[in-house]
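Architecture and fold: a report
Below are the chains, spelled out letter by letter.
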Amino acid sequence: MFHHAVWLAGKTGARLTFLSAIDLTAILLDDLTENNRLVLTRTIDADAGRVLTELVRQAKEQGVEAESIFVHGKGWLELIQQVSRGRHDLLLVGARALNGADVRRILMGSTAQKLVRRCPCPVWVTRPGPLDQPLNVLVANDLKPVSEPALRLAVELGQALDANLHLLHVAEYPLFSLCLTSLPDEIGPDYQNKVRARAEQTLRAQLDQATLGVSTKPIQVHLMDCIRNPDESILQFIKEHQIDLLIMGSVGRSGVAGIMIGNAAERLLPNVTCSVLVVKPPDFVCPICDNLLDASNAPADGSQAD
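What comes next concerns the included structure. Note that the structure is predicted; figures quoted are calculated from it, not measured.

1. Side note on the environment of Asn263
Looking at the secondary structure, you find Asn263 in the loop between helix 11 (255-261) and helix 12 (264-268). Taking the C-alpha atoms as reference, Asn263 lies 9.4 Å from Gly249; in sequence the two are 14 residues apart.

Next comes the structure, spelled out in structure tokens:
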């Protein structure tokens, strides 16, 4: 992840903040004496400080401005709070290069999954991979408004990184699933053609808007018929086109609806072998950030603010 961050910052002129969080809960330290707890905490703090200082040094050595922060607390929560406090534009987190069930076990409910769902800024989940050659970037677009900011960000990155951009929509045909028998021959092809024509029209309109005034490589537009479900079609496209980075919009949901329904970005995260960049809609509201803002605005004496 360090190399991804420094590489990206070097390409875009960004400033890096390295954050490390360690959760030393009381449960973990219960069996230690007070003196040993103090010694252990100081040792961990010192070790983390040395590692972070070295990361900052290496980044600056490569011409990238950087700073570091070390905190005690839950990783995903501390990251979101720092994003809110520091008004960061992008959060990079790492994921191990595993496949299938192992990836699902690690990511589902993990730091990456929580960040994808709750973090207010775009979240880039990186996996080890080459960075020197032009990246193959895929923007999966479901034609909904949430896809538009993802496409705009992809165009900006494509320009900065000289990436090869692919724009994909997986066409679905709801009328087919509603019919108990096959559609009459004269209806089926006409229905499919209309669905695909509307999809292509919408894709072209979004692309024209996203590339307005931007000089970038030609963006390849793909319309793909759904295999069994859109997720499987996207995974197949990633494999066939050797995609390095998948960019998707994410619908912000909270409470039971968010847990039960999820969205395509969350479903795909445990299964893709490439890196994933998830973009929130402009109206996304992060409850954690709201609580943090309320706390920072609260009077120190606990009285009611005007």
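2. With respect to the environment of Phe284
By secondary structure assignment, the location of Phe284 is in the loop between strand 9 (275-279) and helix 13 (287-297). The exposure class of Phe284 is buried, given its relative accessible area of 16%.

3. Re the sheet that holds strand 3 (residues 91-94)
As a general point, the strands of a sheet are linked pairwise by backbone hydrogen bonds and lie either parallel or antiparallel. With mixed pairing, seven strands are arranged side by side in an open sheet as 3-4-9-8-5-6-7. The strands lining the two open edges of the sheet, one partner per strand, are strand 3 and strand 7 (220-225). Sheet twist, expressed as the average angle between the axes of neighbouring strands with direction ignored, equals 20°. The sheet contact formed by strand 8 (residues 245-249) and strand 9 spans five bridges and is parallel. In the sheet register, Ile247 faces strand 9, and the bridge partner there is Leu277.

4. Considering the pattern of salt bridges
Applying the stated criterion across every chain, the model contains eleven salt bridges. For Arg267, the salt bridge identified is with Asp231, shortest N-O distance 2.7 Å. With a gap of 36 residues between them, Arg267 in helix 12 and Asp231 in helix 10 (residues 230-240) connect regions that are remote in the sequence. With relative accessibility at 43%, the residue Arg267 sits in the partly exposed group. Sharing partners across several salt bridges, the network here consists of Arg15, Glu65 and Glu67.

Cut-off values and rules
- Residues numbered from 1 in each chain as written.
- Predicted model: local features only at pLDDT ≥ 70, side-chain atom pairs only at ≥ 80, totals over all residues.
- Heavy atoms only, no water.
- Helix = DSSP H or I, 4+ residues; strand = E, 2+ residues; numbered from the N terminus.
- Buried < 20%, exposed > 50% of the residue type's maximum accessible area, 1.4 Å probe, protein only.
- Pairing = 2+ DSSP bridges.
- Axes fitted to C-alpha atoms, helices over the stretch in contact; angles between N-to-C directions.
- Salt bridge = Lys/Arg side-chain N within 4 Å of Asp/Glu carboxyl O.

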